[in-house]
Amino acid sequence: MRIGFIRGVGYGLLFISSLSVIFQVTVYKRWKTRDVVSFKAEDISKRENTWHHYEQKLDRYNRSLTTGQRIPPEDAAVIQKVNQTLYFTSDKVENETLGTEFLDYGRHQISYEDFLDKPSVDLTKLRTNWRADARIIQNASNKKRFLTIGIPTVKREKDEYILNTVQSIVNCTTEKELAEIYIVVFLADFDAKWKEGISRQLREKFEKIISLGTLHVIQAWESFYPPLDNLKHTFVDPETKKKWRAKQNVDYAFLFLYSETLAQYYIQMEDDIYTIPGYLQAIKDYIHKFRERWVCLEFSELGFIGKLYHSDDINKLAKMVLLFYAQQPCDVTYLNFNTQMLQFKRHIRRPTIFEHVGYHSSLPGKVQPLKDRFFHSYPKTLKGDNPSASVYTSMPFEGYFNPDNCYSRENGIFWSTRSGKANDWFTVAFSEPQMISRIEIETGTHTHPHDKIHYAKLEASLASQAKGPGKPECGSNKLLGYFDDGNIKVDNVQSITGRHRIHCLNIILTNKQETWVIVKEIAVFIARKRSQ
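An account of the accompanying structure is given in this report. All of these numbers come straight from a predicted model, not from anything done at the bench. (Residues numbered from 1 in each chain as written. Predicted model: local features only at pLDDT ≥ 70, side-chain atom pairs only at ≥ 80, totals over all residues. Heavy atoms only, no water.)

### With respect to the environment of Leu 505
What counts here: Under the DSSP-based scheme used, a helix requires at least four consecutive residues in state H or I and a strand at least two consecutive residues in state E, with every element numbered from the N terminus.
Residue position: Leu 505 is located in strand E18 (residues 502-509). In the structure, Leu 505 is positioned 25 residues away from Leu 480 in sequence and 9.6 Å away in space, judged by C-alpha atoms.

Structural data, given as structure tokens:
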């Protein structure tokens, strides 16, 4: 009996203890989870209905921006709420503006500006026609095209590259292709006198593409930029570099936002690059090569040059650049952006088609002689002796493809910017007359085989007379031979010239040709004295 009684009391105490533990656990869990959301079907339904209601009003607002129609006051009040803070709690709150219930989760205040760290008061308040306000040249076209080429530029202490960069792009774009692209030059400096000077030069030099609506020249207002002082310490950089990098990021973002509606694709450039003829077709071919989804295709391995995006994505890229404008350069941010957009490897076209040529950076005092390893460098293969000489031509050329390139022992070519004409000439004037045994000249390249010399002869001048600075007057010419399939090789020069020293070598076109002219390499071999 006593044992049974004791056992019963024990079970009772155990039961009471269990109830106490359950009660305490329940109270503790309720206390710990009082800020945790408990989703119910009716809550979700109300939330969806609320946001559907809001989106309808927002859609009406967006349509009003494009049509110019006045929006109802009640819709305007709703839109005013866009930049206001949303509160997230587990309670139901009556929204006075919407006149309906919505669920608000958590206690932290979240706003659009929080995510962007307030880089610009104007970013979320760009007025309807802000792009027209940004244009310095007003007759730019807005019709959708294939590609926008974005080029930001600022005032430099030494060399200005922007005019040559635009010229290179124009020279390497056919008449038909000019109607497929936009070139957007962003004068991202606050020096009004400098902007006036550069925009005037752009007008004078590129009147044709301005008339086609191809060239956009734009500027931003200072209020778009955040404060650039007291920036956080990143990369252990001096204050001047942090400020320069932060402003550059905001420059990029403004350029993205301006360009996003212009074309199907957007490609980023710097103001100190050059390209090659056929670059646009190379971009098209590389795009068509991809069957899987891509975010970014690269046409230069360097920095933020030659990065191609779908224009639909560059608004997101602008926001991400602004989010980290003070923390990291854009050539780091874009790689992170690509990953966030689910592209986990780089797609770099090789050979690349844009080369960096600038030596002095836009950051005062910084030298940046970067070269792309995969760009068409056109290495020399004939390896001539090539004694000191000056090289001249009657054919126009882009500065990066000057006549010295094909005679120099360094990599490079001469490339004219128009078709060859009868009597066009190309002259190598030796600093001192030379005894020459052999000459080899190659024209055209494997990438542009048709841009060779089709009809020409090679002459040696046995006399010359200086006429001040510039090309000397070369005379007493001897015919060495004619070009065959773009090349010429003269093995025994002295059998033609005798023991005379040669003052000049002259390439003379004997007929017009439809293609431009590439002189890939001129190799001159000196006659060696025979050992006694």
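Once you've had a look at it, read on.
### Focus on the packing of helix H6 (residues 162-171) against helix H8 (residues 192-205)
Inclusion rule: Between the N-to-C directions of two axes lies an angle of 0 to 180 degrees, each axis being a line fitted to C-alpha atoms and, for a helix, fitted only over the stretch in contact. An angle counts as roughly parallel when it lies under 35 degrees, as roughly antiparallel when it exceeds 145, as roughly perpendicular when it falls between 65 and 115, and as oblique in every other case. A clockwise turn of the near helix away from the far one marks a right-handed crossing, whereas an anticlockwise turn of less than a right angle marks a left-handed crossing. Any two residues whose heavy atoms approach within 4.5 Å at even a single point are treated as in contact. Classification used: nonpolar for Ala, Val, Leu, Ile, Met, Phe, Trp, Tyr, Cys and Pro, charged for Asp, Glu, Lys and Arg, polar for all others including Gly.
It is at 11 Å that the axes of H6 and H8 come closest, and there the two elements cross at 30°. Classed by the angle they form, the pair H6 and H8 counts as roughly parallel. Relative to H8, the crossing made by H6 is right-handed. Between H6 and H8, the contacting residues are Ile 162, Leu 163, Asn 164 and Gln 167 on the first element and Ile 198, Gln 201, Leu 202 and Lys 205 on the second. A class-by-class count of the residues in the contact of H6 with H8 yields four nonpolar, three polar and one charged.

### Describing the state of the cysteines
The line we're drawing: Cysteine sulfur atoms that pair up within 2.5 Å are treated as a disulfide.
One pass over the full model with this rule turns up one disulfide. The partner cysteine of Cys 474 in its disulfide is Cys 504, sulfur to sulfur 2.1 Å. Taking the torsion about the S-S bond as the criterion, the Cys 474 to Cys 504 disulfide, at about -65°, is left-handed. Pair noted here: Cys 474 is in strand E16 (residues 473-482) and Cys 504 is in strand E18, with a separation of 30 residues, a long-range link.

### As for the pattern of salt bridges
Worth spelling out the cut-off: In the sections that follow, a salt bridge refers to a side-chain nitrogen of Lys or Arg positioned within 4 Å of a carboxyl oxygen of Asp or Glu. Burial classes: relative accessible area under 20% of the type maximum marks a residue as buried, over 50% as exposed, and values in between as partly exposed (1.4 Å probe, protein chains only).
Tallied over the entire structure, the rule returns 15 salt bridges. Between Lys 520 and Glu 442 there is a salt bridge, and its shortest N-O distance comes to 3.9 Å. With Lys 520 in strand E19 (residues 516-526) and Glu 442 in strand E14 (residues 436-443), this pair connects stretches of sequence that are 78 residues apart. We classify Glu 442 as partly exposed; its relative accessible area is 23%.

### What to know about the sheet that holds strand E6 (residues 263-268)
For clarity, the cut-off: The pairing criterion is simple: DSSP has to find at least two bridges between the two strands.
The sheet built from six strands is open, its strands ordered E5-E4-E3-E6-E9-E8 with mixed pairing. Where the open sheet ends on each side, the last strands, each with one partner, are strand E5 (215-218) and strand E8 (296-298). Across the sheet, the axes of successive neighbouring strands diverge by a mean angle of 25°, strand direction being ignored. Sheet analysis places strand E3 (residues 145-153) next to strand E4 (residues 181-187), joined by seven bridges and oriented parallel. What sits directly across from Gly 150, in E4, is Val 184. In the packing of H8 onto the sheet, contacts are made with E3, E4 and E5, and the angle to E4 comes to roughly 155°. In this fold helix H13 (residues 330-340) packs onto E8 and strand E9 (307-310), with an angle of close to 40° to the strand it touches most, E9.

### A closer look at the sheet that holds strand E12 (residues 414-419)
Taking strand neighbours across the sheet as the criterion, the four strands line up as E12-E19-E14-E17 in an open arrangement whose pairing is antiparallel. At either margin of the open sheet sits one strand with a lone partner, and together these are E12 and strand E17 (487-490). Between one strand and the next, the sheet's axes are offset by a mean angle of 20°, whatever the strand orientation. Here three bridges tie E12 to E19, and the two strands are oriented antiparallel to one another. The residue of E19 that forms the bridge with Phe 414 is Val 519.

### Section: the side chain of Asn 386
What counts, and what does not: Distance and chemistry together define a polar contact, namely a pair of N or O atoms within 3.5 Å, with one atom able to donate a hydrogen and the other to accept it when in protein, and with adjacent residues in sequence counting only for side-chain atoms on both sides.
Topologically, Asn 386 is positioned in the loop between strand E10 (354-356) and strand E11 (389-393). Among the polar contacts made by the side chain of Asn 386, one reaches the main-chain carbonyl oxygen of Tyr 407 at a distance of 2.5 Å. Those residues in contact with Asn 386 that lie beyond four places of it in its chain are Tyr 407, Arg 409, Ile 522, Ala 523 and Val 524.

### Focus on the nonpolar core
Counted only if it meets this: Put simply, a nonpolar core is a bunch of buried Ala, Val, Leu, Ile, Met, Phe, Trp, Tyr and Cys residues held in one set by side-chain atoms that sit within 4.5 Å of each other.
Judged by nonpolar contacts, the single largest core of 52 residues is most densely connected at Leu 147, Tyr 279, Ile 283, Leu 308 and Phe 354. No other element matches the six residues that helix H11 (residues 279-289) contributes to this core. Residues within four places of Ile 283 in sequence aside, it is in contact with Leu 147, Ile 267, Phe 299, Leu 308, Ile 353 and Phe 354. Of all hydrophobic cores here, the second largest spans 40 residues; its members include Ala 246, Leu 257, Leu 317 and Ala 326.

### Quick word on the packing of aromatic side chains
This is how it is decided: When the centres of two rings from Phe, Tyr and Trp lie within 6.5 Å, Trp using its six-membered ring, the rings pair. Their planes under 30 degrees apart give stacked, over 60 give edge-to-face, and anything left gives tilted. Throughout this description, the term charge over a ring refers to an Arg CZ or Lys NZ atom that lies within 6 Å of the ring centre and within 35 degrees of the ring normal.
On inspection of all chains with the given rule, the structure shows 21 aromatic pairs. Centroid distance Phe 414 to Phe 426: 5.1 Å. Interplanar angle 65°. Geometry classified as edge-to-face. Here Phe 414, found in strand E12, pairs with Phe 426, found in strand E13 (residues 425-434); they are 12 residues apart in sequence, far enough to count as distant. Across the pair, Phe 426 and Phe 414 agree in class, each one buried. Within the aromatic cluster, the residues linked to one another by ring pairs are Trp 130, Phe 186, Phe 190, Trp 221, Phe 224, Tyr 225, Phe 254 and Tyr 258. Above the plane of the ring of Phe 190 lies Lys 247, whose end atom (NZ or CZ) is 5.4 Å from the centre. A cation over a ring is seen here: Arg 438 above Phe 525, with NZ or CZ 3.8 Å from the ring centre.

### Examining the environment of Ala 527
Tracing the backbone shows Ala 527 in the segment after E19. For Ala 527, a relative accessible area of 22% translates into the label partly exposed. Taking the C-alpha atoms as reference points, Ala 527 and Ile 436, 91 residues apart in sequence, are found 5.0 Å from one another. In contact with Ala 527, not counting residues within four places along its chain, are Met 435, Ile 436, Ser 437 and Gln 494.

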